[in-house]
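# Understanding the architecture of this molecule
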Amino acid sequence: MSLVQPVNTAFCLEQLCESNYRKLFKLIPNLRSFDRAAIGVTQNKPALYLDVLERNPYTLTIELTHCFNQQRSELVVPAVKIRIYLDAQLAEVIRDNDRPTVDKVYQDPGDLIEIRDYKWRLNYFLQKWLDHCLKTEYRFQRTETAQA
């Protein structure tokens, strides 16, 4: 994970989450219309899988991942779990396949700086991954059932 560390992490984290929201909807313009799962396909690149984990009036929780083998259960990375705040237009990484959720890492709420820095790193990774995905013209379509 990158060692980039902004001077004002709190402000930059908010900007990063706003940017990730815009990039997600640029990558998947019809994101709100998927009920359970979708797959993004393009030529000569691995499929991009979207699973809708939770839907509420103002939030949407999804998992976005690549699958590099024929069997999806074999190798899925980065398997990023993202909470999307539809009203605030923010997208925040909750966890990825390599790192646990923030509450598992920092159980002391007094560790605000460490928690913020951890969130910064997760969301910075998402920004770079979305930039990479946006270079390819993925087309998303609904799948019959959500993948486990």
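Residues numbered from 1 in each chain as written. Predicted model: local features only at pLDDT ≥ 70, side-chain atom pairs only at ≥ 80, totals over all residues. Heavy atoms only, no water.

## Topic: the nonpolar core
It is characteristic of soluble globular proteins that their nonpolar side chains tend to be buried jointly. The condition is simple: Definition used in this section: a nonpolar core is a set of buried Ala, Val, Leu, Ile, Met, Phe, Trp, Tyr and Cys residues joined via side-chain atoms within 4.5 Å. Type-normalised accessible area, obtained with a 1.4 Å probe on protein chains alone, sets the label of each residue: buried when under 20%, exposed when over 50%, and partly exposed for intermediate values. Labels follow the DSSP assignment, with helices taken as runs of H or I lasting at least four residues and strands as runs of E lasting at least two, numbered in each case from the N terminus. Contacts are assigned to residue pairs with any non-hydrogen atoms lying within 4.5 Å of each other.
Counting 28 residues, the largest nonpolar core has Leu 27, Ile 62, Leu 64, Ile 82, Ile 84 and Phe 140 as the members making the most contacts within it. Of all the elements in the fold, those that place two or more residues in this core are helix 1 (9-27), strand 2 (47-55), strand 3 (59-67), strand 4 (76-85), strand 5 (90-95) and helix 3 (112-134). For this core, the leading source of residues is helix 3, giving six residues. Every residue in contact with Ile 82, bar those within four places of it in the chain, is listed here: Leu 24, Leu 60, Thr 61, Ile 62, Leu 64, Ala 91, Glu 92, Val 93, Ile 94 and Leu 126.

## Remarks on the packing of aromatic side chains
Heads up, the rule is: Stacked, tilted and edge-to-face are the three classes assigned to paired rings of Phe, Tyr and Trp, where Trp is represented by its six-membered ring and a pair needs centres within 6.5 Å; plane angles under 30 degrees give stacked, over 60 edge-to-face, the rest tilted.
Following the criterion strictly, the structure yields four aromatic pairs and no others. Seen in terms of ring centroids, Phe 125 and Trp 129 are 6.5 Å apart; in terms of plane orientation they differ by 15°. Their pairing is stacked. You can see Phe 125 and its partner Trp 129 sitting in helix 3, four residues apart, about one turn around the helix. In this structure Phe 125 comes out as partly exposed when scored by relative accessible area, which is 27%. Trp 129 sits in the buried class, given a relative accessible area of 7%.

## Some remarks on the pattern of salt bridges
For clarity, the cut-off: In what follows, salt bridge is the name for a side-chain nitrogen of Lys or Arg lying within 4 Å of a carboxyl oxygen of Asp or Glu.
One pass over the full model with this rule turns up three salt bridges. A salt bridge links Asp 131 to Lys 23; its shortest N-O distance comes to 2.5 Å. Here the residue Asp 131 occupies a position in helix 3, and Lys 23 occupies one in helix 1, the gap between them amounting to 108 residues. The partly exposed category is assigned to Asp 131, whose relative accessible area is 26%.

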